[in-house]
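Structural characterization, general
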Amino acid sequence: MQDAVLAMLAKEPSHGYGLRARLRRALGPLGESMNAGQIYVTLARLEKAGLVACERVDGLPDRPDRKVYALTPTGQQRVTAWLAEVNWPKPDLAEFHLKLAAAAAARLADPVELVDAQRRELLRRLRDVQRAVLAEPDGSTAGLLLEGVALRLQADLRWLEACERVWSKNESEGA
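The structure reproduced in this document is the subject of the present report. These numbers were taken from a predicted model, which means no experiment stands behind them.

Let's shift gears to the nonpolar core. In terms of nonpolar packing, the biggest core is built from 40 residues, with V5, L9 and L23 touching the most fellow members. Contributions of two or more residues to this core are made by α1 (2–11), α2 (16–27), α3 (36–48), β2 (66–71), α4 (73–84), α5 (93–105), α6 (111–135) and α7 (141–172). With residues up to four places along the chain from it excluded, the contact list for L9 reads S14, L19, R22, L43, V52, Y69 and L71.

If you want it as structure tokens, here you go:
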């Protein structure tokens, strides 16, 4: 969640309520259960870590002052590193989806290129697993586990194909 919040701030500084709204929009129905307090706790941790800076902005007569958060240079470096990551041992699909949404919104990276980098990593892992399956004797329990890993990787690759279709369409429509 921290990296997704940082990436959302890469587009523009924001207050917690605005960040929560952007994250909920990006996640669709999955974002409905997002706790408002979670955003503020995350922002406090990011500020303490020196990844964001906070500035108070005068409120309106009927609203209190707001804290507006912006990335620090260290926070920007972390966003850049997060976007370049291709780790997929236990993917958090919602986090990867937010990575794509934040990259597109802030024009930090091309979502289709991020999907392609992930696909290359998954294909590499799938080849390794398939080699390991072939090395196992028929009927071995280790072979069964490896088969499960291969099936999971294949499913993840199909999901990445769907991501690529949607993001390619969004880019061609200028969204």
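All told, the structure shown has one aromatic pair when counted by the stated rule. If you follow K99 out to its NZ or CZ, it ends over the ring of W82, 5.2 Å from the centre.

In this structure, R107 is a non-glycine residue whose phi angle is positive, near 55 degrees. Checked against the element boundaries, R107 lands in the loop between α5 and α6. Given the relative accessible area of 77%, R107 is considered exposed.

Before going further, it helps to examine α6. The end-to-end C-alpha distance of α6, which contains 25 residues, comes to 36 Å, matching closely the 36 Å that a straight helix rising 1.5 Å per residue would cover. Among the residues of α6, those classed as buried are P111, V112, L114, V115, A117, Q118, R119, E121, L122, L126 and V129. Residues of α6 that are buried in the fold lie against α4, α5 and α7. You can read the cap of α6 off the contacts: a side-chain oxygen lies 3.0 Å from the backbone nitrogen of V112, and it is on D110.

Reading the values: rules and limits
- The residue numbers shown here count from 1 along each chain, following its written sequence.
- With the structure being a predicted model, the display of local features is reserved for residues of pLDDT at least 70 and the display and counting of side-chain atom pairs for 80 or more, all residues being used for whole-chain, interface and lining totals.
- The basis for every side-chain value is the complete set of non-hydrogen atoms in the structure, without hydrogens or water.
- To qualify as a nonpolar core, a set must consist of buried Ala, Val, Leu, Ile, Met, Phe, Trp, Tyr and Cys residues joined through side-chain atoms within 4.5 Å.
- Burial classes follow relative accessibility: with a 1.4 Å probe on protein chains only, a residue under 20% of its type's maximum area counts as buried, one over 50% as exposed, and anything between as partly exposed.
- Helix and strand assignments come from DSSP, with helices taken as H or I runs of at least 4 residues and strands as E runs of at least 2, each series counted from the N terminus.
- Residue contacts are defined here by distance: any two heavy atoms, one from each residue, within 4.5 Å place the two residues in contact.
- Classification of ring pairs uses Phe, Tyr and Trp, with its six-membered ring standing for Trp, and accepts pairs whose centres are within 6.5 Å; under 30 degrees between planes counts as stacked, over 60 as edge-to-face, and the remaining range as tilted.
- Should the NZ of a Lys or the CZ of an Arg lie within 6 Å of a ring centre and within 35 degrees of the ring normal, that charge is described as sitting over the ring.
- Multiplying one less than the number of residues by 1.5 Å gives the expected span of a helix.
- Here a polar contact is taken to be a pair of N or O atoms separated by no more than 3.5 Å, where protein atoms must pair a possible hydrogen donor with a possible acceptor and residues adjacent in sequence count only if both atoms sit in side chains.

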